[in-house]
Amino acid sequence: MNNSELTKLKTDSHRYNNESPFVPMHWPHRILLIAIIVIYLLFVVIQVYFNPKSTVALQWVNLGLVVNFLLLLIPLIFYQPSYGWFHPLIFNIVLTLIHEIRKTPIYINGLEAHIALPNWNSESLTFLLADNIFLSIVGLVSYYCGFFFSLRFGNLQLTFLPPRHLKLKVLCVVIFSIVACAAYMQIQGGIAAHILSWGQGRRATLAGQFYWQFLIQFGAIACLIWLAKDPKAHFQGLFWICSLSSLVINFLSGGSRSSVIYFIIFGLMVSMIRDRKVAFTQILTFALIGLFLIGILGDFRNSTWSGEINWDKLNQPSSTESIFGLATDELGSRSGDGSGEIPILALVPNQVDFLYGRSYLAALTILIPRGLWPGKPGLVDGVVGNTFFDLDIGIPIEPTLEAYWNFGVPGVFIVFFAFGLFHKWLVWTFRNYATQTSMIVPYVITLYLIEPSGPGIIRGMISLTSSVVLLRVFGLLSFRAKSK
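Here the structure is a predicted model, which is why all the values come from computation and not from measurement.

A.B. asks: Account for unusual backbone geometry, naming residues and giving values.
C.D. replies: A cis amide bond links V348 with the next residue in sequence, P349, at an omega value of 0°. With respect to the element layout, P349 can be found in the loop between helix 18 (341–347) and helix 19 (358–364). The residue H165 is not glycine, and still its phi comes out positive at about 55°. Position of H165 relative to the elements: it lies in the loop between strand 1 (159–160) and helix 8 (166–187). A positive phi angle, near 55°, is found at R276, a position not held by glycine. With respect to the helices and strands, the residue R276 is situated in the loop between helix 14 (258–275) and helix 15 (280–302).

What follows is the structure in structure tokens.
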């Protein structure tokens, strides 16, 4: 190695150790993100202003939307060098923007009708939408209080070790997950019987199968660890064979499209945090792939409602336009006439009582079989489906609404204040081990999956536990502090 190469290596090492581990956000990117949010707000406000159907309720909705986004912009306006794209404060802005954009039609036109509230008029429903935004503002302010006005926490004492025979270990784990998936299918009566059971409602037919999901997703998480440790992993055919196989069995095991989309997102996040740079082209490419998968996999899953498996949905998929239309329509319906938030705001607590923590208890007691505790509380998405829609399906709701349904407005403040405390601890912990690429996968899973809701806690803890177990099995992690 000549002197110039040695100097460059030292320079790169100094940069890696001193810049933000959350991927630095340069000032043009900050200005661009602020501009996108401002343009979006102006677009919505102008559309409402010139909308002949504009009402008082719709104006309150837009006022709340503007206040909510102005609060979101605080970390961008007062940006610190220790922040970055994948710092919780900044990452939350991006996620919220994506989440809110899909609600644009109802922000402009109001909510015309709702499946669970057939007797409510548009004005009353739109006022409920304004209440929903108000709870989001309460949650965001509470989150900031927990994050900014709390003491520094102690860090975990961890020791990270260099990898040995990592490819072979990942391959073995992927094979293990495939075998586990095959065994699970056999227990379910074969792959055809298992897939057909989705048409009867995945929540009912897959109840109690959490342990199998835990084993089957090991393969995908092992691939993420390989990607974090090896910058050239994506150039190797074996990596893609393992990754694609893991995504296929993840979908087949439960019919969940999110189990595929999540791991694609995780892969992008892991590679960008590892390289300390944002790849906008890759983000756009995989966003389009994600929408395509939501449409085509949803189309295939819906075909099971007829009692037969229509494999042609995969072999001869619908046109690209119809697939993207299906995906965007479904995402829109979850925030419009089929959303779970609106009936909660309408009926709790006057006609439907508070949960008083039962939905959180359901998440904390997930390991207890219902056979041992027949009266064990159910997760909130299932309770929403049963209570407001009279359906035995899970209907997701925002964490603010789960907190409200449990303890009212004070519950929103308490839950999100605690979430802010948790994220502050997460930031300090990841920053303490910023040079350890083995820490990236647990951090990404925690940042993206864990949220202050029952389903979010369960999803995050299952994947986080899997990642820690695999890091230990691969010999990359020890809980013993290094001797001084």
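A.B. asks: Residues and numbers for the side chain of H87, please.
C.D. replies: Within the secondary structure, H87 is located in the loop between helix 4 (74–77) and helix 5 (88–101). Exposure remark for H87: the relative accessible area of 1% places this residue in the buried category. Among residues more than four places away in sequence, those in contact with H87 are F22, S82, F147, V427, R431 and Y443.

A.B. asks: Help me get a handle on the nonpolar core, residues and values and all.
C.D. replies: If you look at the biggest cluster of nonpolar residues, it comprises 131 residues, and the most contacted ones within it are F86, I344, V384, F388, W405 and F474. If you tally residues by element for this core, the top one is helix 7 (residues 122–148), at 12 residues.

A.B. asks: Lay out the pattern of salt bridges with the relevant residues and their values.
C.D. replies: Taken as a whole and assessed by the stated rule, the structure comprises three salt bridges. R274 is paired through a salt bridge with D275; the nearest N and O atoms lie 2.9 Å apart.

What counts and how
- Residues numbered from 1 in each chain as written.
- Predicted model: local features only at pLDDT ≥ 70, side-chain atom pairs only at ≥ 80, totals over all residues.
- Heavy atoms only, no water.
- Helix = DSSP H or I, 4+ residues; strand = E, 2+ residues; numbered from the N terminus.
- Buried < 20%, exposed > 50% of the residue type's maximum accessible area, 1.4 Å probe, protein only.
- Contact = heavy atoms within 4.5 Å.
- Core = buried A, V, L, I, M, F, W, Y, C linked by side-chain atoms within 4.5 Å.
- Salt bridge = Lys/Arg side-chain N within 4 Å of Asp/Glu carboxyl O.

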